[in-house]
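Tertiary structure, described
Each chain, letter by letter, is given below.
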Amino acid sequence: MKFDFEINVFPLFHPQSVDDLKDPCPVFDGTLWHVFGSSGTVTTESWKILHATAPDLYGPWTEHEALDLAVTGSGIAAPGVIHECGVFHMFIQTEFMKSGGRCEHAVSNDGFHWVVLNPAILSLPDTDEDGIYDPHPAIIGGKRYIVYSGMPKFTRVPQPDVYLARSQSDSWFGPWKRFGKILDHLDVPHHNAREHPDYEWGIEGAQLVELPDGRVLLNATCFLPDGPRGSRQRVFFAIADAVQGPYVSVGPVLDPGEPGENGHSTVMIDGGKLTLFYQSRREATNHRWRFGLARCDLDQQALSRVA
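In this report, the structure presented in the accompanying data block is examined. (Residues numbered from 1 in each chain as written. Predicted model: local features only at pLDDT ≥ 70, side-chain atom pairs only at ≥ 80, totals over all residues. Heavy atoms only, no water.)

Attention shifts here to the nonpolar core. Among the nonpolar cores identified, the biggest contains 22 residues, and Val162, Leu183, Leu208, Leu218, Phe236, Val243 and Tyr247 are the most heavily contacted of them. Going through the elements one at a time, strand E11 (131-140), strand E12 (143-151), strand E13 (161-167), strand E14 (176-183), strand E15 (204-210), strand E16 (216-223) and strand E17 (233-240) are the ones with two or more residues in this core. With residues near it in sequence (within four places) discarded, leucine 218 still touches Val162, Ile182, Leu183, Gln207, Leu208, Phe236, Phe237, Ala238 and Tyr247. Within the second largest apolar cluster, 19 residues are counted, among which are Phe10, Leu211, Val267 and Leu274. (Core = buried A, V, L, I, M, F, W, Y, C linked by side-chain atoms within 4.5 Å. Buried < 20%, exposed > 50% of the residue type's maximum accessible area, 1.4 Å probe, protein only. Helix = DSSP H or I, 4+ residues; strand = E, 2+ residues; numbered from the N terminus. Contact = heavy atoms within 4.5 Å.)

Here it is in structure tokens:
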């Protein structure tokens, strides 16, 4: 199901000194828009934590010095951030290309200066969560959740599915109860199967959003089973009646419009409008990743046919 985005601005801005921008997470603090993400290069998979601000979602965006968290790991990137009661809460991965990893938790009063607390979630060795990454916080039904990718040990490339945890303290400080897998490869017919001869990657970049009618929208990234590499990554939505699922995919929702692909994104819903802040690479950007912003009316009639 393609969504009819009446507004689609791409690229939203170009980075000052790096090749690629990925994993955007926009947050409004009541006065200013912040976007957190990954800045670096896919050539060597070297990343820093992006922080940019703007008076409006459409910009103009001002890049600030990359955030320097007191966190260790070879894949520190893809922050999921939420702002509540005057405090930013960031949940961030430490690995994504190998086993292990932690979902670290940091807090800030202004988005610029951060204090790292105890990790929220740890990987579970020799299980389907042998590696964890891409955490994103959400409030659903008044409860606080983290959705993330979890993967078993692998020999070639990661094959993650989507997992869920809920805070037991009704705060962002946990402790966190794991609910296990909520979306599997087999639940996404437009995703490359594990046995695909040119398997590219698993399901990642997941986010949960509560719809106005109480159902739950899962926004994530899949890899199409057809086409050359560099053209198969897509944002897709899935819908469920409850946060733990089962989720039914409505399919990829955004066409790149030219040779290229799109992925890891954040959805915001306000006043009957759905806003998608996404990453994409196309011929127009020399196939470097940039951010885009698309907006449409939330078509409840279309979504009502699902789940």
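Further remarks concern the pattern of salt bridges. According to the stated counting rule, one finds 18 salt bridges in the structure shown. Between glutamate 129 and arginine 178 there is a salt bridge, and its shortest N-O distance comes to 2.9 Å. Taken together, the residues glutamate 129 in the loop between strand E10 (121-122) and E11 and arginine 178 in strand E14 connect sequence positions 49 residues apart. On the basis of relative accessibility, which here comes to 6%, the residue glutamate 129 falls in the buried class. The exposure class assigned to arginine 178 is partly exposed, which follows from its relative accessible area of 29%. Arginine 281 is the salt-bridge partner of glutamate 261, the closest N and O atoms lying 2.7 Å from each other. Of this pair, glutamate 261 sits in strand E19 (residues 260-270) while arginine 281 sits in strand E20 (residues 273-282), and the two are 20 residues apart along the sequence. (Salt bridge = Lys/Arg side-chain N within 4 Å of Asp/Glu carboxyl O.)

Distances and angles like these do not, on their own, reveal function.
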